[in-house]
Amino acid sequence: MFRSMSKLSVFIFNIFSVLSITHNKWQKTYSILLIMSCIYIFYATPQIVCILENDCNNTISSLIKGLFARVVAVTCMVSRCVIFLKGKTHLVKYKKNMDDFHTVTPMTSSETDNLKKMSFRVVLCCILLTVPVNVCRLWILYYVAKQTVPFVILVYLQNFSMYCIETHFTVLCYILYQKIIGINNDLMALKIDTIVRNKYPFISLTGEKYGKNDNTVEYNREVFQSLVAGYPMTDFLENLKAKHKFICLATKNLNNMFGIHLGLSLCSLCLYTLFDLYYHLQAIWKHSKYKILVYAWILQYFVRFLLITVLAHLTTKQVILKIYLSI
């Protein structure tokens, strides 16, 4: 069951990679088409609002109704341009740093399984929060204003593209989170070992004290193997230093690659929520079924906001803990 889910997650994640930042033969064509659609949406919005209102009075209310689509178009266009220009270089560097890290310390089976499960859940969450609600609204629009359906499809594709990049960031950030936790475990084991050996210098390398096992000391796997095999602690410290260097470089690559996009995403998600609440409270879109969809859209924005901020916060806390343990 899990193998089939993991294969499905890999297939879906490959599709998401095409829609996000992975550079391949389709990426350039997709980016150009997406930017062209953003320009079209920005200039065609007033005409679509006129069709939906059956009136072109150019009032403040009409301008507000078109702000949502224009904000989506502007943020998507700027984000796609930045990602397209900066993503290729920094993504290659990020992958190289992670490969170098894995040459020092390969991923364990538990880390690989956790990464697959997390990736599958994040991608599935993205699909469930966007596709059903957007299909429902398109179905409603088909009977209310059929000529606006292509326009709305483009807006949803732009918004979905932003969500795909956020999902890609979440997965890459989770990989960093796993590595930093591993480094913290190494530092903790090293610190405990140093404290114990300074206090009890008669403890042997295998953790035996006068023939009696000392189970109170929990060693990290690499520290324990280094001590038992009799390797110099300097070798372990050099590996730890190398892993720290690769993580710092990968973090820098991730920040340079996603910094502008995440700033735009967080600001736009707040604006989307305000727009939907305003449209809902002012009953701008008069169709009754729209009121149900508003809550689904707000839930989507809330989950996206949480995924970006909470995972970044947890990773930052692990970095702070690493600094504390290294003192």
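Residues numbered from 1 in each chain as written. Predicted model: local features only at pLDDT ≥ 70, side-chain atom pairs only at ≥ 80, totals over all residues. Heavy atoms only, no water.

1. What about the overall build of the protein?
So, point 1. Counting its secondary structure elements, the protein contains eight helices and two strands.
So, point 2. Listed by position from the N terminus, the elements making up the protein come as α-α-α-α-α-β-β-α-α-α.
So, point 3. The proportion of buried residues among the 327 residues of the protein is 44%.
So, point 4. Of the contacts made within the protein by residues no fewer than 6 positions apart, 84% connect residues no fewer than 24 positions apart.
So, point 5. Carbon and sulfur atoms make up 67% of the accessible area of the protein, which amounts to about 18,000 Å² in all. (Helix = DSSP H or I, 4+ residues; strand = E, 2+ residues; numbered from the N terminus. Buried < 20%, exposed > 50% of the residue type's maximum accessible area, 1.4 Å probe, protein only. Contact = heavy atoms within 4.5 Å. Areas by Shrake-Rupley, 256 points an atom, 1.4 Å probe, with all protein chains shown as cover.)

2. Some details on the state of the cysteines
Disulfides are covalent bonds that connect the sulfur atoms of two cysteines.
So, point 1. The final tally for this structure, using the stated rule, is zero disulfides.
So, point 2. Summary of cysteine pairing: C267 is not part of a disulfide, and the nearest cysteine sulfur, belonging to C270, is at 6.8 Å. (Disulfide = S-S within 2.5 Å.)

3. Quick look at the packing of aromatic side chains
So, point 1. Overall, the coordinates contain seven aromatic pairs when judged by the stated rule.
So, point 2. Relative to Y143, the ring of W139 has its centre 5.5 Å away and its plane inclined at 75 degrees; by these criteria the two rings are edge-to-face. Placement of the pair is W139 and Y143 together in helix α4 (residues 109-144), with a separation of four residues, close to one helical turn.
So, point 3. W139 sits in the partly exposed class, given a relative accessible area of 48%. (Phe/Tyr/Trp six-rings, centres within 6.5 Å; stacked < 30°, edge-to-face > 60°.)

4. Some thoughts on the nonpolar core
Side chains of nonpolar character tend, in soluble globular proteins, to be buried together.
So, point 1. Y94, M98, L172, L176, I247, L254 and F258 are the most contacted members of the largest nonpolar core, which has 32 residues in total.
So, point 2. At the level of secondary structure, the elements contributing two or more residues to this core comprise α3 (60-104), α4, α5 (149-199), α7 (233-281) and α8 (290-325).
So, point 3. No other element matches the 13 residues that α5 contributes to this core. (Core = buried A, V, L, I, M, F, W, Y, C linked by side-chain atoms within 4.5 Å.)

5. Things to note about the pattern of salt bridges
So, point 1. Inspection of the entire model under this criterion finds three salt bridges.
So, point 2. Residue D100 pairs with K96 through a salt bridge whose shortest N-O separation is 3.1 Å. Within this pair, D100 and its partner K96 are both found in helix α3, separated by four residues, close to a single helical turn.
So, point 3. Classification of D100 by relative accessible area gives partly exposed; the value is 22%.
So, point 4. For K96, a relative accessible area of 52% puts it in the exposed group. (Salt bridge = Lys/Arg side-chain N within 4 Å of Asp/Glu carboxyl O.)

6. Some remarks on a nonpolar patch on the surface
So, point 1. On the surface, I39, F42, Y43, V74, V78 and I260 cluster together to form a nonpolar patch covering roughly 520 Å² of accessible area.
So, point 2. Where the nonpolar patch is concerned, the elements lending two or more residues are α2 (27-53) and α3.
So, point 3. A total of three residues in the nonpolar patch trace back to one element, the largest contributor, which is α2.
So, point 4. Residue position: I260 is located in helix α7.
So, point 5. Since its relative accessible area comes to 43%, I260 is described here as partly exposed. (Patch = residues over 30% accessible without salt bridge, like charges linked within 9 Å, V, L, I, M, F, W, Y side chains within 5 Å.)

7. Quick word on the UniProt feature "transmembrane region" (unreviewed entry) in the protein
So, point 1. Per the UniProt annotation, the sites labelled "transmembrane region" (unreviewed entry) are residues 30-52, 122-145, 151-177, 258-280 and 292-314.
So, point 2. Along residues 30-52 the backbone is 100% helical and 0% strand, and the end-to-end C-alpha distance reaches 29 Å.
So, point 3. Taken end to end, residues 151-177 has its terminal C-alpha atoms 39 Å apart, with 100% of it in helix and 0% in strand. (UniProt positions renumbered as here; feature names shortened; annotations may be inferred.)

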